[in-house]
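Architecture and fold: a report
Chain residues, written in single-letter form:
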Amino acid sequence: MRPVEGFLGRLLALPFLINAAGYASIVVPGFLLIQYFKKQNYLETGRGICFPVIKSCVFGNEAKSAHPDDVLLAARNETAESSTARQVFKLLFCATGLQISYLTWGVLQERVMTRTYGATESDPGEKFKDSQFLVFMNRILACTVAGLYCALIKQPRHSAPMYKYSFASLSNILSSWCQYEALKYISFPTQVLAKASKVIPVMLMGKLVSRKSYEYWEYLTAALISVGVSMFLLSSTPEKHLSTVTTFSGVILLGGYIVFDSFTSNWQDALFTYKMSSVQMMFGVNVFSCLFTVGSLLEQGALLESLRFMARHSEFAAHAVLLSVCSAFGQLFIFYTINQFGAAVFTIIMTLRQAFAILLSCLIYGHAVTVVGGLGVAVVFLALFLRVYARSRMKKRAKKPPVGESPVQKV
């Protein structure tokens, strides 16, 4: 089995390396230009029409502000004064929008990556194979939506050097590519549970990138998630399209997804120290994502091939567009929900969404789950809810003044 797994690992690495080479053809010249402008002290000596663009892309406004959580807290304090009925309506609106956007996105993602198009009695049809094109479709629509939002609604004055978005963009593209590719080898419920367990590498990446420290309950719930995922994976009944080798391939791709996604969240958290809104972050990251993916697709000649596939199969074209719409508007619902109700409420809604996504996938695509596997799923979601509860308790405790002291009153 090891020689086969080694060959398969090389086979998986090939398209990954081809994509990475395409991104490098843009990143390397960009890096050299940035170093050139910095060495030439362009901020002091630069002149002409291009100066504002180069200043924004390379230098930005280095002044930083408080973390956006402070801004969100102020916004939530304002909304707390509105009527209870209005708040309930807003909560239902956010929950419904998130569930519809991401449940539809999950069902379509599995349909596009695991089923054929154009099948007839005499023709088995063909599968769509280029995951990078789907990433490009998602990002270009998200970029358009975020750009329109920023143009229509007043945003904070942008201060971050634009090139810093490229790091989060690259890791985001690679994590999305791994996510789509993994569905060729593992079931959607397995992927959802693996994504739920990404809290473990996020914690590890937080220690490495941001030097964060964690509470004992965070380690405990991370261990519970690991146990639950292991129960599900080890007890799942083998499906007809799976084997030990294909499962191994899926595990590699899921591992890549989790690592890249963990880096993305930690890098974005560091970027938020600049004065920016979440939609500005969405726009900046997606601008670079469009640039990287379209460049790589053109270099490989895959863009025209994917467009021809869309022309041959109108059903796929509809699915790809709807997939992108759900992804773009889902991101807007994320930002609005966190702004109005905070991260704890958002996490509960998205945790429920993951449970519903597994149920929908099993019902629509016929995935079998054993009793032990079901218990594993329950353990994972129990651990996720415990994390939300413990974090909210910690925040409430931190807000309480020490015993024997009264809150300071400003006069």
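Residues numbered from 1 in each chain as written. Predicted model: local features only at pLDDT ≥ 70, side-chain atom pairs only at ≥ 80, totals over all residues. Heavy atoms only, no water.

**What about the overall build of the protein chain?**
- When helices and strands are counted, the protein chain shows 16 helices and zero strands.
- Split into buried and exposed, the 411 residues of the protein chain put 45% on the buried side.
- Partitioning the contacts of the protein chain with sequence separation of at least 6, the portion at a separation of at least 24 is 86%.
- By element, 68% of the accessible surface of the protein chain is carried by carbon and sulfur atoms, the whole surface being about 21,900 Å². (Helix = DSSP H or I, 4+ residues; strand = E, 2+ residues; numbered from the N terminus. Buried < 20%, exposed > 50% of the residue type's maximum accessible area, 1.4 Å probe, protein only. Contact = heavy atoms within 4.5 Å. Areas by Shrake-Rupley, 256 points an atom, 1.4 Å probe, with all protein chains shown as cover.)

**A look at the environment of Gly-106**
- Looking at where Gly-106 falls in the secondary structure, it is placed in helix H5 (residues 84-114).
- Of the residues examined, Gly-106 reaches a relative accessible area of 3% and is grouped as buried.
- For Gly-106 and Ser-361, which are 255 residues apart along the polypeptide, the C-alpha to C-alpha distance reads 8.3 Å.

**Looking at the pattern of salt bridges**
- Summed over all chains, the structure comprises three salt bridges.
- Taking the shortest distance from any N to any O, the salt bridge between Arg-312 and Glu-126 comes out at 3.0 Å. Taken together, the residues span a long stretch of sequence, with Arg-312 in helix H13 (residues 302-312) and Glu-126 in the loop between H5 and helix H6 (131-152) at a distance of 186 residues.
- When its relative accessible area of 30% is taken as the criterion, Glu-126 is described as partly exposed. (Salt bridge = Lys/Arg side-chain N within 4 Å of Asp/Glu carboxyl O.)

**A short note on the environment of His-319**
- Take His-319: it is sitting in helix H14 (residues 314-341).
- Overall, His-319 belongs to the buried group, its relative accessible area being 14%.
- In contact with His-319, not counting residues within four places along its chain, are Leu-108, Arg-111, Val-112 and Tyr-117.

**Overview of the packing of aromatic side chains**
- The full count for this structure, using the stated rule, is 20 aromatic pairs.
- Arranged with centres 6.2 Å apart and planes meeting at 75°, the rings of Tyr-102 and Trp-105 form a pair that is edge-to-face. Here the residue Tyr-102 and the residue Trp-105 both occupy positions in helix H5, the gap between them amounting to three residues, near one helical turn. Here the two residues Tyr-102 and Trp-105 agree in accessibility, since each one is buried.
- Between Tyr-117 and Phe-316, the ring centres sit 5.5 Å apart and the planes meet at 80°, which makes this aromatic pair edge-to-face. Here the residue Tyr-117 occupies a position in the loop between H5 and H6, and Phe-316 occupies one in helix H14, the gap between them amounting to 199 residues.
- Tyr-117 sits in the buried class, given a relative accessible area of 1%.
- What makes Phe-316 buried here is its relative accessible area of 0%.
- A connected cluster of aromatic rings, assembled from ring pairs, spans Tyr-117, Phe-128, Phe-133, Phe-136, Phe-309 and Phe-316.
- Here the guanidinium or amino end of Arg-111 rests over the ring plane of Tyr-117, the centre of that ring lying 4.1 Å away. (Phe/Tyr/Trp six-rings, centres within 6.5 Å; stacked < 30°, edge-to-face > 60°. Lys NZ or Arg CZ within 6 Å of the ring centre and 35° of its normal.)

As far as function goes, none of this settles anything; it's purely spatial.
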